[in-house]
Structure formats: C-alpha cells, structure tokens
Amino acid sequence: MHLEEIVAQLIEAQTRTQEELRMLAASHAEAIKRLERLEQIVAQVVETQRQMLEEQVHMQRVMRQLAQQLGAISETLGADLEDMAYIVVRDVLKRELGWDVEPLERTWKKWDDEMEEINIFGRARDPRRPDEVIWIVGEAKYNLTVREVERFAQLVERARKHLKGEIFPVCFCRRTRPEVEERVRELGLRLVYSYGRLL
C-alpha cells in the first residue's frame, strides 16, 4: 500500500468521523431539547398537582363547614318536628281516642344504668278507665325508616319493664313508605302523621 492510499483512507476515515460527530452533536442537541421540554412538562405537572392539592384542602374545609351547617339545620328541623309532634299527637289522641293527654316533651330516662332519650313522652288518661295511667312513648322522625321503627320497638320493650301502667308506643313522622307502615303494624306500634292521621 502506498503512502498516498493510506493518507486518502485516513482522510476518508476522518471525514466519516467528523460526519458521525456532527450527527452525534445534532442528536445530542435534540436530546437536550427533548429533556428541556420534558422538564417543562414535569414542572407543569408538579404545579398542577400542587394546585389540585390546594384545591382539595380547600374543598375539605368547605365540606367540613357544610357538614357542620347541615348538622345544625338537622338539629333545628328535628327540634321543630318534635315541637309539632307534641301538639299533633296530643290532639290526635284526644280526637281519636278521647284521652286527656298531659303536655308531651322530650326526656331522658335511666333504665338499667343506661340513659335513654325519648323524643315524645308524657302521660294520658282514658276517661273510661280513670284509675289507669297510660304512658305515651314516642319517636319523631321526618322520614321514618324500617330500621328506626325496629330500634324504637326495642326502646318500647325497655319502657315496658320500667313504667307501671299501659304503654302507648307511637311513631310520629312527616312521611314514610308503605313497608314502614306495615312494620309499625307488625310490631304493635301506632303511627301519627304530621297532618293528623292515626294508623
């Protein structure tokens, strides 16, 4: 091999190497651009997540406030419903059964070392049986459910053990479903609607 051929090969190899280096540099520059774009995307995702987290914290705070307000409204509605129950139940028992009913109220009773809350409580007398005491034991709910009726029936059983005289168990509600009415009947309870109907 002649020196001229060797030099020509070296020049050709150097040209190829330079071309490869140029392509590698271009590829490297493109990779850097992609990496920079990726960094921007990651930064945007991190910022979006930060904003979402802030929004979530804000929403949780709002939800807690709403829950407190709803609780207060529910308590107010419950108290208003009970106030209505005292009047309506008393009137219905007088009208439908002819009973003399003392003022009804919410009360707490300690039975078997446990405090029991009773929504509607008071005494009544039937003029046909003047010597007998009738205890009105009631539950007031806006929308009465089967579960509430069954829980109330258990309270009535405890009341029977501790109150001397007849127990008149009554549920009071604004509305309920037919299956609830049926369960009330099955358990031997009575039901008074807020508009004055007695079942």
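Quick note: structure is the one above.
Remember, it's a predicted structure, so these values are computed and weren't measured experimentally. (Residues numbered from 1 in each chain as written. Predicted model: local features only at pLDDT ≥ 70, side-chain atom pairs only at ≥ 80, totals over all residues. Heavy atoms only, no water.)

*Asks:* Break down the overall build of the protein for me, with residues and values.
*Replies:* Within the protein, the regular secondary structure consists of 3 helices and 6 strands. In the protein, the succession of α and β elements from N to C terminus is α-β-β-β-β-α-β-α-β. Taken over C-alpha atoms, the radius of gyration comes to 40 Å for the protein, far larger than the 16 Å a tight globule of 199 residues would show. Taken along its principal axes, the extent of the C-alpha atoms in the protein is 140 × 35 × 30 Å. (Helix = DSSP H or I, 4+ residues; strand = E, 2+ residues; numbered from the N terminus. Rg over C-alpha atoms; globule rule 2.2 N^0.38 Å.)

*Asks:* Just give me the short version of a nonpolar patch on the surface, but keep the residues and values in it.
*Replies:* Taken together, Leu-35, Leu-38, Ile-41, Val-42, Val-45 and Val-46 make up a surface patch of nonpolar side chains, about 520 Å² in accessible area. With respect to the helices and strands, the residue Ile-41 is situated in helix H1 (residues 3–97). Classification of Ile-41 as partly exposed rests on a relative accessible area of 46%. (Patch = residues over 30% accessible without salt bridge, like charges linked within 9 Å, V, L, I, M, F, W, Y side chains within 5 Å. Areas by Shrake-Rupley, 256 points an atom, 1.4 Å probe, with all protein chains shown as cover. Salt bridge = Lys/Arg side-chain N within 4 Å of Asp/Glu carboxyl O. Buried < 20%, exposed > 50% of the residue type's maximum accessible area, 1.4 Å probe, protein only.)

*Asks:* If you had to explain the nonpolar core to someone new, which residues and values would you point to?
*Replies:* What tends to happen in soluble globular proteins is that the nonpolar side chains get buried as a cluster. The biggest cluster of nonpolar side chains holds 21 residues, and the ones touching the most others in it are Val-137, Leu-144, Phe-152, Leu-163, Leu-189 and Leu-191. Sorting the residues of this core by element identifies strand E3 (114–126), strand E4 (129–144), helix H2 (146–162), strand E5 (166–176), helix H3 (178–186) and strand E6 (190–193) as the ones contributing at least two each. For this core, the leading source of residues is H2, giving 6 residues. Non-local contacts of Phe-152, meaning those with residues more than four positions away in its chain, are made with Val-137, Gly-138, Glu-139, Pro-169, Val-170, Cys-171 and Leu-189. Counting 20 residues, the second-largest nonpolar core is a separate cluster that includes Ala-85, Val-88, Ile-120 and Val-170. (Core = buried A, V, L, I, M, F, W, Y, C linked by side-chain atoms within 4.5 Å. Contact = heavy atoms within 4.5 Å.)

*Asks:* Tell me about H3, and name the residues and values.
*Replies:* The complete set of buried residues in H3 reads Val-180, Glu-181 and Val-184. On an axial view of H3, the arc spanned by its buried residues comes to 100 degrees, and they lie on one face. Those residues of H3 that are buried are in contact with E4, H2, E5 and E6. (Arc of directions from axis to C-beta.)

*Asks:* Quick rundown of the environment of Glu-150? Include the residues and the values.
*Replies:* Residue position: Glu-150 is located in helix H2. Setting aside its immediate chain neighbours within four residues, Glu-150 contacts Arg-183 and Leu-187.

*Asks:* Lay out the pairing of E5 in plain terms, naming residues and giving numbers.
*Replies:* Burial analysis of E5 places 8 of its 11 residues in the buried class, the great majority of the element. As paired strands, E4 and E5 are joined by 10 bridges and run parallel to one another. Bridged to Lys-141 within E5 is Cys-173. Each parallel crossover has a hand, and the one from E4 via H2 to E5 is right-handed. (Pairing = 2+ DSSP bridges. Right-handed = clockwise from strand over helix to strand, strands pointing away.)

*Asks:* Lay out the packing of H2 against H3 in plain terms, naming residues and giving numbers.
*Replies:* Closest axis-to-axis distance for the H2/H3 pair is 9 Å, and the angle between their directions is 15 degrees. By the criterion of interaxial angle, the relationship of H2 to H3 is roughly parallel. In terms of crossing hand, the pair formed by H2 and H3 is right-handed. Touching Val-146, Val-149 and Glu-150 of H2 are Glu-179, Val-180, Arg-183 and Val-184, all from H3. Looking at the contact of H2 with H3 residue by residue, the classes come out as 4 nonpolar, no polar and 3 charged. (Axes fitted to C-alpha atoms, helices over the stretch in contact; angles between N-to-C directions. Parallel < 35°, antiparallel > 145°, perpendicular 65-115°, else oblique. Left-handed = near helix turned anticlockwise from the far one by under 90°. Nonpolar A, V, L, I, M, F, W, Y, C, P; charged D, E, K, R; others polar.)

*Asks:* Account for H2, with residues named and values stated.
*Replies:* Taking 1.5 Å as the rise per residue, H2 with 17 residues should run 24 Å; its terminal C-alpha atoms sit 25 Å apart, in good agreement. Among all positions of H2, only Glu-148, Val-149, Phe-152, Ala-153, Leu-155, Val-156 and Ala-159 are buried. Axial view of H2: buried residues confined to an arc of 165 degrees, hence all on one face. Seen from the buried face of H2, the exposed residues on the opposite side, beyond 90 degrees, are Arg-147 and Lys-161. In this structure, the buried residues of H2 make contact with strand E2 (105–111), E3, E4, E5 and H3. (Expected span 1.5 Å × (residues − 1).)

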